[in-house]
Amino acid sequence: NAGVTQTPKFRVLKTGQSMTLLCAQDMNHEYMYWYRQDPGMGLRLIHYSVGEGTTAKGEVPDGYNVSRLKKQNFLLGLESAAPSQTSVYFCASSYSILSPEETQYFGPGTRLLVL
Amino acid sequence: GENVEQHPSTLSVQEGDSAVIKCTYSDSASNYFPWYKQELGKRPQLIIDIRSNVGEKKDQRIAVTLNKTAKHFSLHITETQPEDSAVYFCAASLTNRDDKIIFGKGTRLHILP
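Description of the structure in this document. All figures in this text were calculated on a predicted structure; none of them were measured in a lab.

What counts and what doesn't
- Residues numbered from 1 in each chain as written.
- Chains lettered and ligands numbered in written order.
- Predicted model: local features only at pLDDT ≥ 70, side-chain atom pairs only at ≥ 80, totals over all residues.
- Heavy atoms only, no water.
- Helix = DSSP H or I, 4+ residues; strand = E, 2+ residues; numbered from the N terminus.
- Rg over C-alpha atoms; globule rule 2.2 N^0.38 Å.
- Buried < 20%, exposed > 50% of the residue type's maximum accessible area, 1.4 Å probe, protein only.
- Contact = heavy atoms within 4.5 Å.
- Areas by Shrake-Rupley, 256 points an atom, 1.4 Å probe, with all protein chains shown as cover.
- Lys, Arg positive; Asp, Glu negative; His and termini not counted.
- Charge placed at Lys NZ, Arg CZ, Asp CG, Glu CD.
- Pairing = 2+ DSSP bridges.
- Axes fitted to C-alpha atoms, helices over the stretch in contact; angles between N-to-C directions.
- Salt bridge = Lys/Arg side-chain N within 4 Å of Asp/Glu carboxyl O.
- Polar contact = N/O pair within 3.5 Å; in protein donor to acceptor, adjacent residues only side chain to side chain.
- Nonpolar A, V, L, I, M, F, W, Y, C, P; charged D, E, K, R; others polar.
- Disulfide = S-S within 2.5 Å.

We now examine the overall build of chain B. When helices and strands are counted, chain B shows zero helices and 11 strands. Element order for chain B, N to C, with α for helix and β for strand: β-β-β-β-β-β-β-β-β-β-β. The C-alpha radius of gyration of chain B comes to 14 Å, within 12% of the 13 Å expected for a compact globule of 113 residues. On the principal axes, the C-alpha backbone points of chain B span a range of 45 × 30 × 20 Å. Among the 113 residues that make up chain B, the fraction classed as buried is 48%. A fraction of 54% describes how many contacts in chain B between residues 6 or more apart in sequence connect residues 24 or more apart. When the accessible surface of chain B is split by element, carbon and sulfur atoms take 45% of a total near 5600 Å². For chain B, the centre of its 14 positive side-chain charges and the centre of its 14 negative side-chain charges are spaced 4 Å apart.

And the structure:
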């Protein structure tokens, strides 16, 4: 049981390049989330999904797109990377918050540097 | 939308003393309040949570209190130990609407020897 995994762990991009971050979970969780963490800013929700085939915007969705084609995977895409997107990206998953097992599990994070 | 304020941003306490971190939220309908601990270079991990139908919850040396009227909740750590040094995040969520969890900006806790 690997929990929540993220690929890649670290990436350097040039401005304007695109990339996709992959989050995978093997806990059969319905809910998945993408956050970015910047110094002094805490964790800010980018997009999230309440089930396979669904996505919704979080606090800071601009410049990102997501897809949840399979229940276990949640992809975060940057179509045209900007230096402001330099950050640590965390994926998380959980059962429904309404369920007794509502704990949100985080992945190990992806460090992204945009030059 | 929900907004979560967290104070202080940095806290230093002597080993063995208590630490208190406070958070306020803006949406009176929020009903789920988790606390996360993040050690340097690691992922956030849930340490305790509380729902709006409960005023206090305790788990060994950590406790959380919730004041719905004032819209604030607090994390209390007693008998602090060196391994308590970390960044702590509070969060709030309205679980029967959209399940978004909004985080505070974090408190860096230093336990002094």
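After presenting the structure, the write-up continues.
Attention now moves to the overall build of chain A. Each helix and strand counted, chain A has zero helices and 11 strands in total. Overall, chain A shows an N-to-C arrangement of helices and strands of β-β-β-β-β-β-β-β-β-β-β. Along the first, second and third principal axes, the C-alpha atoms of chain A reach 45 × 30 × 25 Å. Considering chain A as a whole, with its 115 residues, one finds that 50% of them fall into the buried category. Here the contacts in chain A between residues at least 6 apart in sequence split such that 56% fall between residues at least 24 apart. For chain A, the accessible surface area stands at approximately 5300 Å², while carbon and sulfur atoms represent 54% of it. The centroid of the 10 positive side-chain charges in chain A is displaced by 10 Å from the centroid of its 9 negative side-chain charges.

A few words on the sheet that holds strand 8 (residues 73–78) of chain A. Residue and element names in this part refer to chain A. Read from one edge of the open sheet, four strands run 1-3-8-7, paired in antiparallel fashion. The sheet is open, and its two edges are formed by strand 1 (4–7) and strand 7 (65–67), each paired on a single side. Ignoring strand direction, the axes of neighbouring strands in this sheet form an average angle of 20°. Here strand 3 (residues 19–25) pairs with strand 8 via six bridges, running antiparallel. Paired with L21 across the bridge in strand 8 is L76.

With 25 residues of chain A in contact, the opposing surface of chain B contributes 19 residues. Linking chain A with chain B are zero salt bridges. Taken together, the links from chain A to chain B amount to three residue pairs in polar contact (both at pLDDT 80 or more). Those elements that provide at least two residues to the side of chain A that touches chain B are strand 4 (31–38) and strand 5 (42–49) of chain A. Class assignment for the residues of the side of chain A that touches chain B results in 13 nonpolar, nine polar and three charged.

Residue and element names in this part refer to chain A. In total, this model carries two disulfides over all chains according to the counting rule given. Each sulfur of the disulfide joining C23 and C91 lies 1.8 Å from the other. The sign of the S-S torsion, about -75°, decides the handedness of the disulfide formed by C23 and C91: left-handed. With C23 in strand 3 and C91 in strand 9 (residues 87–94), this residue pair connects regions lying 68 residues apart in the sequence. Summarising the burial analysis for this pair, C23 and C91 share the class buried.

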